[in-house]
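As a plain string of letters, each chain reads:
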Amino acid sequence: MRRTGAVRNFALLALVGGVLLILLSWALWDMGRPSPAEEAAGGGRVQELKMFCAAGIRAPVELAARQYEAESGVVIALQFGGSNTLLNQLQVARQGDLYLAADVSYLELAREKGLTAEAVPLAHMKPVIAVARGNPKKIQGIDDLLRDDVRTALGNPDQAAIGKRTRKLLTASGHWKQVHAHVTKTGTFLPTVPEAANAVKVGSADAAVVWDTTIKIVDGLEAVATAELDKGSVLVTLGVLASSTQPTAALRFFRYLAARDKGLVHFKESGFRPVEGDRWDETPELTFFCGSVN
């Protein structure tokens, strides 16, 4: 009996020792494991992600990118331009990790061209007429943009989302041909919405069609809402590019920017109307319900 008890004690000690050894080994492995940023590219550390971003969305994206860099150590290299200009660049170069457009229609085109792998909506905005604070020319609607004493700046429809949306809305209302002719004669077409807004700010234009969010970013402007433009709400949308060589890292920042307690906070503070979004979790868990036959 004593011999049997000794054997049992020895076996128990061996078992406990084995468990402790396993736990110690796991702890040592975990200490040497790469960080989430390093794991993002399959174990090799990700140094930088390249993101193409519509110029009118610059303010919240820059804030979110700098915050993410501080938290993860991954640099977000931002390139700004008109949504369509960036889409054309992506189609030629087929390089980069993320693409943020001011209108979901550009992500739909990108998907059709095989340029994007994933997409998520971020926020809503709509076009308005921007005028100098105090509205010195007393502009009240689209018809006022046709006056001889009003110089108007519009986004180029072939470069900027605001220009494409303006053309679509004013074509539907019957104003586009007249507005286009008047702007061609006395105003200017510009490649991005910030440039159109700044034209009013510096006085080289009396009015511009911009996003309502732009008014809150550029000092010295106020908005004039019109029935024709109110119908043109757009959905700011982010996509992961099929060309990304580090898609897991790209998808992580993609989720970060779309999280209601991370990236979307900056969108709200910048005057956008963000979507609801999920809460940020670096390693989220999914509940997957599966039929027993599968």
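Residues numbered from 1 in each chain as written. Predicted model: local features only at pLDDT ≥ 70, side-chain atom pairs only at ≥ 80, totals over all residues. Heavy atoms only, no water.

J.: How should the overall build of the protein be read in this particular structure?
T.: Secondary structure assignment for the protein yields 12 helices and 11 strands. Pairs at least 24 apart in sequence give 73% of the contacts found in the protein among residues at least 6 apart. (Helix = DSSP H or I, 4+ residues; strand = E, 2+ residues; numbered from the N terminus. Contact = heavy atoms within 4.5 Å.)

J.: Just to check I follow, could you spell out the nonpolar core for this structure?
T.: Generally speaking, soluble globular proteins have nonpolar side chains that are buried together. In terms of nonpolar packing, the biggest core is built from 81 residues, with Ile57, Tyr99, Leu100, Phe253 and Phe267 touching the most fellow members. Examining the composition of this core, we find that six residues originate from one element, helix H11 (residues 247-257), more than from any other. Here Phe253 is in contact with Leu49, Met51, Ala64, Ala65, Tyr68, Ile76 and Leu98, once residues within four sequence places are set aside. (Core = buried A, V, L, I, M, F, W, Y, C linked by side-chain atoms within 4.5 Å. Buried < 20%, exposed > 50% of the residue type's maximum accessible area, 1.4 Å probe, protein only.)

J.: How should I be thinking about the layout of surface pockets in this particular structure?
T.: Estimated volume of the largest pocket: approximately 310 Å³. Arg255, Ala258, Asp278, Arg279 and Pro284 are the residues nearest the centre of the largest pocket, which is lined by 14 residues in total. Going through the elements one at a time, strand E4 (116-125) and H11 are the ones with two or more residues in the lining of the largest pocket. Split by residue class, the lining of the largest pocket holds nine nonpolar, one polar and four charged. (1 Å grid on protein atoms, 1.4 Å probe; cavity = no way out; pocket = protein on both sides within 12 Å on 5 of 7 lines; lining within 4 Å. Points joined across faces, edges and corners; volume = space filled by probe spheres on them. Nonpolar A, V, L, I, M, F, W, Y, C, P; charged D, E, K, R; others polar.)

J.: How do you make sense of the pairing of strand E2 (residues 75-81) when you look at a structure like this?
T.: A regular strand carries its side chains on alternate faces of the sheet. Both strand E1 (residues 48-54) and E2 contribute to a ladder of seven bridges, which runs parallel. Within E2, the position partnered with Cys53 by the bridge is Phe80. With respect to chirality, the unit in which E1 leads through helix H3 (residues 58-72) into the neighbouring parallel E2 is right-handed. (Pairing = 2+ DSSP bridges. Right-handed = clockwise from strand over helix to strand, strands pointing away.)

J.: Honestly, the packing of aromatic side chains in this entry has me stumped. Any pointers?
T.: Two aromatic rings, taken as a pair, are described by how far apart their centres are and by the angle between their planes. Under the definition given, this model contains five aromatic pairs. Taking the centre distance of 4.9 Å and the plane angle of 50 degrees together, the rings of Tyr68 and Phe253 count as tilted. Of this pair, Tyr68 sits in helix H3 while Phe253 sits in helix H11, placing them 185 residues apart in sequence. Accessibility classification places Tyr68 together with Phe253 in one group, the buried group. Summarising the aromatic geometry, the rings of Tyr256 and Trp280 are spaced 5.1 Å apart at their centres and angled 75 degrees between planes, so their arrangement reads as edge-to-face. Of this pair, Tyr256 sits in helix H11 while Trp280 sits in the segment after strand E11 (273-274); the two residues are 24 residues apart in sequence, bridging distant segments of the chain. Residue classification places Tyr256 among the buried residues on the basis of a relative accessible area of 0%. (Phe/Tyr/Trp six-rings, centres within 6.5 Å; stacked < 30°, edge-to-face > 60°.)

J.: Just to check I follow, could you spell out empty space enclosed by the protein for this structure?
T.: Summary: where empty space remains is shown by rolling a probe the size of a single water molecule over the atoms. What the rule picks out here adds up to two cavities of 30 Å³ or more. Each pocket or cavity is described by its volume, and for the largest cavity that value is around 60 Å³. Taken together, 13 residues line the largest cavity, and the ones lying closest to its centre are Ala54, Gly56, Ala161, Val193 and Trp211. Tallied by class, the residues present in the lining of the largest cavity amount to eight nonpolar, five polar and no charged.

J.: For this particular structure, what's the right way to read the pattern of salt bridges?
T.: Once their charged atoms are close, side chains differing in charge can pair, the charge on each being opposite to the other. Under the criterion given, the structure shown has 12 salt bridges. With its nearest N and O atoms 3.2 Å apart, the salt bridge here joins Arg151 to Asp206. Pair noted here: Arg151 is in the loop between strand E5 (127-132) and strand E6 (152-155) and Asp206 is in the loop between helix H8 (193-202) and strand E8 (207-211), with a separation of 55 residues, a long-range link. When its relative accessible area of 14% is taken as the criterion, Asp206 is described as buried. Shared partners join several salt bridges into a network, and the residues in it are Lys137, Arg151 and Asp206. (Salt bridge = Lys/Arg side-chain N within 4 Å of Asp/Glu carboxyl O.)

J.: Before we go on, may I ask you to explain the sheet that holds strand E9 (residues 221-224) in this structure?
T.: In any sheet, the strands associate via hydrogen bonds between backbone groups, in a parallel or an antiparallel arrangement. The strand order E7-E6-E8-E5-E9 describes an open sheet built from five strands, whose pairing is mixed. Every interior strand has two partners, whereas the edge strands, strand E7 (188-190) and E9, have only one. Sheet twist, expressed as the average angle between the axes of neighbouring strands with direction ignored, equals 35 degrees. Where E5 and E8 come together, five bridges link them in antiparallel fashion. Residue Val131 lies in a different strand from E8, and its bridge partner there is Ala207. Lying over the sheet, helix H6 (residues 161-173) contacts E5, E6 and E8, oriented at roughly 105 degrees with respect to E8. In the packing of helix H7 (residues 176-186) onto the sheet, contacts are made with E6 and E7, and the angle to E7 comes to roughly 95 degrees. (Axes fitted to C-alpha atoms, helices over the stretch in contact; angles between N-to-C directions.)

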